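One-letter residues, chain by chain:
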Amino acid sequence: MKKMKEKECIAMLLAGGQGSRLGALTKTIAKPAVSFGGKYRIIDFSLSNCANSNIDTVGVLTQYRPYLLNTYIGTGSAWGLDSSTGGVAILPPYATESGGRWYEGTADAIFRNLDYIRLYRPKYVLILSGDHLYRMDYRKMLKRHIEKEADLTISVMKVPMEEASRFGIMTAQEDGRIVKFSEKPKEPDSDLASMGIYIFSTDVLEAALVQDSTDPTSEHDFGKNIIPKLLAEGKNLFTYEFSGFWKDVGTIPAFHETSMDLLEPEPPFDLADEEFPIFSNENISPPQYIGPDAAVENSFIGNGSQIFGKVVHSVISVDSFVGKGAVVTDSVLLPGAIVRENAIVTRAILGENTEVKAGGIFGNAEGEIVVTGDDSVVE
Amino acid sequence: MDRVTGLIAANYETKALGSLTSERTIASLPYGGRYRMIDFPLSNMVNSGIQTVGLVTPYKYRSVMDHIGAGKEWGLDRKNGGLFILPGSVFGVASSQSRFLLRDLKRNEVFLRRSQADYVLVTSSDAVYNMDYRPLVDKHIETGADITMLYREAVEDAPNDLSLILSGEQVTGFNRGGLKGEPLFRNCFVMRRDLLINILEWYAAVDYLDIFEALEDDLGKMDIRGYRFDGYIRSIATVRDYFQHSMELLRNEVREELFSRENPIMTKVQDSVPTKYLAGAVVKNALIPAGCVIQGTVENSILFRGVQVKPGAVVRNSILMQSCVVEPGAVVENAIIDRGNTIAAGTVLKGSPDNVFILNKHLI
């Protein structure tokens, strides 16, 4: 195969997970494709990070319900990633002369695309997951990886000690050298949680993946298998400590809470930061229209929406509709959601193109957040 | 529609729009919260299946080119056909009705000669409408006319446009300026490509004229017909046109037709965040694009991207272009605030519906 222009660092973005804890929201689409923040999809954040970090070659590994993700990513031009010497490649599982099978773990997914990595002969490979909200300049992490002459650098952030048992925890020396890795430890001895962002030196990655692929007992997972193995072999593993905003919106309460946080006057995660823009493949919708009897407060509203009723403390995504006399409170309307006349929606997440019929009532002021899947109808 | 090449005269300049077009041409005049005038003919062409579009650029081409780029948003960054950037004249036009100077067309004869299309659809960029050009082209082919001109009755007097004298479908003459109710030429016509090339040769001596000025004396020799568009269309020739027709976008039925989901008006994408409405925001009857922050009152108004209305500020019956900031307590009423202005706290800027206050573009 003809080799492409050599790259210093390319990214491999794991986007094949279902994100089953998001329930109805991921029934028909993969988690990275779930809409967030009025117009974005979760994968926008990692793709924008790549674009803003000048990483122009990104392999996106897909598996679960890929169509929306595939069409959404397209050529990558929305993120400025349609480069002639790299660009975005969608990498689904594929068959070879010995047959085909699904990706059987994060490490297996990368292993089976080693040929793609080899095309670009990068010195370093950045491994990302497409389901987190954060802004990160990966160049800073790469700089540290090179300075430390590391084999693997893992991005970590401090979490409250009492929550540490929910994460993969790194125990590191003062200089950042990792001495221990414990997956969801019952009694954590460190508060540095792995963010699932790795930079490997390519030769180390390749050797580890090839070896792991022959191990019948392995689950082919970076956290469970590859990192412990490299530690045991005495490889140079270092942390890169990140202190900005980072969030996994992988559950309904986390998704709702993080959405509501956007509405603060000084939000913890400011989508509007122009120094580090978040790009998205947006539809060309007309401006939003706020009707003569509408009332909108403490809310986020996307283009193409039409508001004739009352919207209080809610995220109204692109192309949504709130009819006259309707009241939407503490809710998230995903793109194309329709709340008809006099309907009441409270503390709810409406899936894309969901319709709440006129006079319908959905959600409660207390208790669990209620959710509909995409294209639902609520009477 | 692969038999049709599009040609947009984006170089028309006019003084009737005052300071709104002193730093830009009408093609790049912002309209409707997130669009520019050029978006309407360009999107119409693309939505009608035209895949090759020549754009005659104005002398001051920066703002148009910045907006159009390689035509990506319109799907015109194509290997086959696509967008062709064409030069226009340096000099102004002979009269305010002139949109299609023969010398502009002549200068781009190579583009016309190289085209494989049988027909050329020519438009200006001073009309706001959403139209499928296919029925117009079909009618033109069916009747075998030499030229078919698009018209629609004027909603009010239009001194800067051409109106058609019709006998049935036949165009028998032109009037400079149209009165309310008269069939106003909407600066869009279709003709055979080879005929257009011939006309450029026949009238080479008077190439300083608009094509219809040149043809006026020879109307009897040609088969020129009118085609009536029955949808919403507004020609923007004066500040009054601009203000009044912009405000019509606050009507649901106008938006529904103009911003059709099936045939969207496309524009340059800016990656703006959704608009944020904070506590204290009071918004009624307003068209607002993404990228704004509203803390004050906005009524009967159109905002553009990046506008900020601070607490206690009031915006009524106004158009605020990109990146304007209305500081706390300031009042803006019956005004057009051009791009980049900050209205200082407590300032009151008021025009009247018949005499709109205009604040010029703030040059950075």
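Residues numbered from 1 in each chain as written. Chains lettered and ligands numbered in written order. Predicted model: local features only at pLDDT ≥ 70, side-chain atom pairs only at ≥ 80, totals over all residues. Heavy atoms only, no water.

So, about the pairing of strand 5 (residues 82-86) of chain B. All names here are of chain B. Examined bridge by bridge, strand 4 (residues 52-56) and strand 5 share 5 bridges and lie parallel to one another. Note that in strand 5 the partner of glycine 54 across the bridge is phenylalanine 84. In this fold, the crossover linking strand 4 to strand 5 by way of helix 2 (residues 62-68) has right-handed handedness. (Pairing = 2+ DSSP bridges. Helix = DSSP H or I, 4+ residues; strand = E, 2+ residues; numbered from the N terminus. Right-handed = clockwise from strand over helix to strand, strands pointing away.)

The next point concerns the packing of helix 6 (residues 202-213) of chain A against helix 7 (residues 222-232) of chain A. Residues and elements named next belong to chain A. Running from N to C, helix 6 and helix 7 point in directions that differ by 115°, and their axes come no closer than 11 Å. The crossing of helix 6 and helix 7 is right-handed. Packed against helix 6, whose contacting residues are Val204, Leu205, Ala208, Leu209, Gln211 and Asp212, the element helix 7 presents Phe222, Asn225, Ile226, Lys229 and Leu230 at the interface. Partitioned by chemical class, the residues of the contact of helix 6 with helix 7 number 7 nonpolar, 2 polar and 2 charged. (Axes fitted to C-alpha atoms, helices over the stretch in contact; angles between N-to-C directions. Left-handed = near helix turned anticlockwise from the far one by under 90°. Contact = heavy atoms within 4.5 Å. Nonpolar A, V, L, I, M, F, W, Y, C, P; charged D, E, K, R; others polar.)

For the rest of this paragraph, the subject is the sheet that holds strand 18 (residues 308-309) of chain B. The strand order 28(A)-25(A)-22(A)-19(A)-16(A)-14(B)-16(B)-18(B)-21(B)-24(B) describes an open sheet built from 10 strands, whose pairing is mixed. Only two strands of the sheet have a single partner each, and these edge strands are strand 28 (370-371) of chain A together with strand 24 (342-343) of chain B. With 2 bridges connecting them, strand 14 (residues 275-277) of chain B and strand 16 (residues 293-294) of chain B associate as parallel partners. Its bridge partner being in strand 16 of chain B, tyrosine 277 of chain B is matched across the sheet by isoleucine 294 of chain B.

Residue and element names in this part refer to chain B. For the coordinates displayed, the defined rule picks out 5 cavities of 30 Å³ or more. In this model, the largest cavity occupies a volume close to 100 Å³. In terms of lining, the largest cavity is formed by 14 residues, of which the most central are Glu156, Ala158, Leu184, Ser235 and His245. Looking at the lining of the largest cavity, the elements that each hand over two or more residues are strand 9 (158-167), strand 11 (183-192), strand 13 (233-235) and helix 8 (239-247). Of the residues in the lining of the largest cavity, the class split is 6 nonpolar, 2 polar and 6 charged. (1 Å grid on protein atoms, 1.4 Å probe; cavity = no way out; pocket = protein on both sides within 12 Å on 5 of 7 lines; lining within 4 Å. Points joined across faces, edges and corners; volume = space filled by probe spheres on them.)

Moving on, we get to the packing of aromatic side chains. Scanning all chains against the criterion turns up 25 aromatic pairs over all chains. Taken together, a centroid distance of 6.3 Å and an interplanar angle of 65° make the contact between tyrosine 198 of chain A and phenylalanine 200 of chain A edge-to-face. Given a relative accessible area of 9%, tyrosine 198 of chain A falls into the buried group. Its relative accessible area of 0% is what places phenylalanine 200 of chain A among the buried residues. Aromatic pair phenylalanine 185 of chain B and phenylalanine 212 of chain B: ring centres 5.1 Å apart, planes at 75°, arrangement edge-to-face. Note that phenylalanine 185 of chain B is positioned in strand 11 and phenylalanine 212 of chain B in helix 7 (residues 211-215), a separation of 27 residues in sequence. There is no split in this pair, since phenylalanine 185 of chain B and phenylalanine 212 of chain B are both buried. (Phe/Tyr/Trp six-rings, centres within 6.5 Å; stacked < 30°, edge-to-face > 60°. Buried < 20%, exposed > 50% of the residue type's maximum accessible area, 1.4 Å probe, protein only.)

Okay, the layout of surface pockets next. It is a probe the size of a water molecule, rolled over the atoms, that shows where empty space is left. As a volume, the largest pocket reaches approximately 1,600 Å³. Residue lining of the largest pocket: 47 residues in total, with Arg21, Ser129, Asp131, His132 and Asp248 of chain A positioned closest to the centre. Contributing elements (two or more residues each) for the lining of the largest pocket: helix 3 (106-111), strand 8 (152-158), strand 10 (178-183), strand 11 (192-201), helix 7 and strand 13 (246-248) of chain A. Within this model, the second largest pocket holds a volume of roughly 1,000 Å³. Along its surface, the second largest pocket is lined by 49 residues, and Glu282, Asn283, Ser285 and Asn303 of chain A together with Arg34 of chain B are the ones closest to its centre. Mapped onto the lining of the second largest pocket, the elements with two or more residues apiece are strand 3 (40-41) and helix 2 (67-73) of chain A together with strand 3 (35-36) and helix 2 of chain B. Per element, the largest residue contribution to the lining of the second largest pocket is 4 residues, and it comes from helix 2 of chain B. Split into classes, the residues belonging to the lining of the second largest pocket amount to 13 nonpolar, 19 polar and 17 charged. A domain-level breakdown of the lining of the second largest pocket finds at least three residues from each of domain 1 (4-258) and domain 2 (276-359) of chain B. (Domains from an automatic or database assignment.)

Another aspect to go through is the environment of asparagine 355 of chain B. Residue and element names in this part refer to chain B. Structurally, asparagine 355 is set in the loop between strand 25 (348-350) and strand 26 (357-359). Of the residues examined, asparagine 355 reaches a relative accessible area of 56% and is grouped as exposed. As a C-alpha pair, asparagine 355 and leucine 121 span 234 residues in sequence and 37 Å in three-dimensional space.

Our next topic: the side chain of serine 194 of chain A. Relative to the assigned elements, serine 194 of chain A resides in strand 11. Here serine 194 of chain A is in contact with Ile154, Ser155, Val156, Gly168, Met170 and Trp246 of chain A, once residues within four sequence places are set aside.

By the criterion of burial, helix 1 (residues 43-52) of chain A is predominantly enclosed, with 9 of the 10 residues buried. In the segment just after helix 1 of chain A, asparagine 54 of chain A is the residue with positive phi, at about 65°.

Residue and element names in this part refer to chain B. Per the domain assignment, the segments making up chain B are domain 1 (4-258) and domain 2 (276-359). For domain 1 versus domain 2, the distance between C-alpha centres works out to 32 Å. Listed as interface residues are 19 residues of domain 1 and, on the opposing side, 22 residues of domain 2. Overall, the association of domain 1 and domain 2 removes approximately 1,500 Å² of surface from exposure, summing both partners, and the carbon and sulfur fraction of that is 71%. At the junction of domain 1 and domain 2, the tally comes to 2 salt bridges. Put simply, aspartate 354 and arginine 240 hold a salt bridge, and the shortest N to O gap is 3.9 Å. The interface formed by domain 1 and domain 2 holds 1 residue pair in polar contact (both at pLDDT 80 or more) in total. (Buried area = accessible area lost by both parts, 1.4 Å probe. Salt bridge = Lys/Arg side-chain N within 4 Å of Asp/Glu carboxyl O. Polar contact = N/O pair within 3.5 Å; in protein donor to acceptor, adjacent residues only side chain to side chain.)

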